[in-house]
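Each chain is listed here by its residues.
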Amino acid sequence: MHHFDVRRALAAAAAWLVLTAQANAASLIPGGSAIGIAAETEGILVSDVTEVETPEGAVAPAKDAGLKAGDLITGIDGKTVTNQTEFLDALSHSHGKITVTFFRGGGEKRCTVSPVDGEDGTRRLGLWLRDGVSGIGTVTYYDPETGAFGALGHGVSDEASGVLLPLKGGTIHEAQISGVTRGEKGEAGALQGVFDESVSVGDVSENSVFGIFGTCSEKPAGGTVETAPDDAIQPGAVTIRSTVSGGEAHDYEANLKRVFREDGSTRFLIEVTDAALLNTTGGIVQGMSGSPILQGGRLIGAVTHVLVDDPTMGYGVSIDTMLAAAQELSPAA
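Residues numbered from 1 in each chain as written. Predicted model: local features only at pLDDT ≥ 70, side-chain atom pairs only at ≥ 80, totals over all residues. Heavy atoms only, no water.

Asks: Any details on the pairing of strand β1 (residues 27–30)? Residues and values, ideally.
Replies: Sheet topology note: the β1/strand β17 (residues 225–226) ladder contains 2 bridges and is antiparallel. When the bridges of β17 are listed, S27 appears paired with E226. With 2 bridges connecting them, β1 and strand β11 (residues 127–142) associate as antiparallel partners. Each residue of the ladder has a partner; that of P30, found in β11, is Y141. (Pairing = 2+ DSSP bridges. Helix = DSSP H or I, 4+ residues; strand = E, 2+ residues; numbered from the N terminus.)

This is the structure in structure tokens:
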């Protein structure tokens, strides 16, 4: 079972960036199209540890046994469980105390938990669990020579625990943006989209702190552009390519205000200045993550986050940083 080590990936990405700082630019097709993402986790993630209300009062069996948010459950009483349905079935057929097998920090552990009967009579441990993810994002790039793609510019994480989800694989799907919740000061907006999970256009192979990566079976429209190295990224005018309505990507004007180079990665602060985008979304909203950013006709990176206090502002990550992560995570030839 593969378990993603964030610190290892960051260190490797840093080393790769140093080694490739002077490399020739890649020729990639900028994305901008909205995609649906559907994936399962390697095991069952503990999203949160809570109390259980019983006729005798509130108790916390899982917490008392030592389970924590971020743990990855793989078994009950020696039986492998891969999703919530299997977990609940094993729990319902157990008697007395149970042994939970889980991974924490890359190592396998076990603990003994004493389930309790909740107020509805169901055996409970006091756990919020997660076994997959489904949502909307944006493709950053497509490599026409290999069929590889990168998207999001950041990892897929559990919202409650903040843990990077250890995905065992997934698929991407063409998506249509059906609506927008505008971003307001203090509240992030979001794109609403629909996609058909029965028809995939690619496979997700890796989830990293710098994006999700995989292969796409359909070549997107548009020609290739060169990527810009990190040291060429400068404050000034940029273009964000994104889909915020229907299924067609458009270019929007923005301003790159500041470049941050630290810990082996390059990020930047951007401000949306395009009147049409501001009118539609209020700025940067959830679902735009991965939208490619171009400067001087070259691909320099992707949108990653919005500033909640000012949705016209947000952050991006450089294309070199994303490509370094993809290279590190790719299996050796």
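Asks: Give a description of unusual backbone geometry that names residues and reports values.
Replies: Its identity is not glycine, yet D77 carries a phi of approximately 50°, on the positive side. Locating D77 in the fold gives a position in the loop between β5 (72–76) and β6 (79–80). By relative accessible area, which is 44% here, D77 ends up partly exposed. Although it is not a glycine, L152 sits at a positive phi angle of roughly 75°. With respect to the element layout, L152 can be found in the loop between β12 (148–151) and β13 (167–181). (Buried < 20%, exposed > 50% of the residue type's maximum accessible area, 1.4 Å probe, protein only.)

Asks: Report on the packing of aromatic side chains, specifying residues and quantitative values.
Replies: One pass over the structure, following the stated rule, counts 1 aromatic pair. Residues F260 and Y315 carry aromatic rings whose centres are separated by 6.3 Å and whose planes lie at 55° to one another, so their mutual orientation is tilted. Placement of the pair is F260 in strand β19 (residues 250–262) and Y315 in strand β23 (residues 310–318), with a sequence separation of 55 residues. (Phe/Tyr/Trp six-rings, centres within 6.5 Å; stacked < 30°, edge-to-face > 60°.)

Asks: Please provide a residue-by-residue account of the nonpolar core, values included.
Replies: Counting 24 residues, the largest nonpolar core has I240, L256, F268, I270, M288, I293 and I300 as its most contacted members. Contributions of two or more residues to this core are made by β13, β18 (236–242), β19, β20 (265–272) and β22 (298–307). Of the residues forming this core, the biggest block, 4 residues, is contributed by β19. When residues no more than four places from it in sequence are discounted, the contact partners of M288 are T138, L191, I240, S242, V244, L277, G283 and V303. (Core = buried A, V, L, I, M, F, W, Y, C linked by side-chain atoms within 4.5 Å. Contact = heavy atoms within 4.5 Å.)

Asks: Outline the confidence of the model for the protein chain, supporting the account with residue identities and numerical values.
Replies: On average, residues of the protein chain carry a pLDDT of 88, and 91% of them reach 70 or more. Across residues 1–23 the pLDDT falls below 50, and counting only partners more than four positions away or on other chains, this stretch makes 34 contacts in the model. (pLDDT = per-residue confidence, 0-100.)

Asks: Please give an account of the environment of G132 that cites residues and values.
Replies: By secondary structure assignment, the location of G132 is in strand β11. G132 gets classed as buried once you look at its relative accessible area, which sits at 18%. Sequence separation between G132 and D158 is 26 residues, and the spatial gap between their C-alpha atoms is 9.6 Å.

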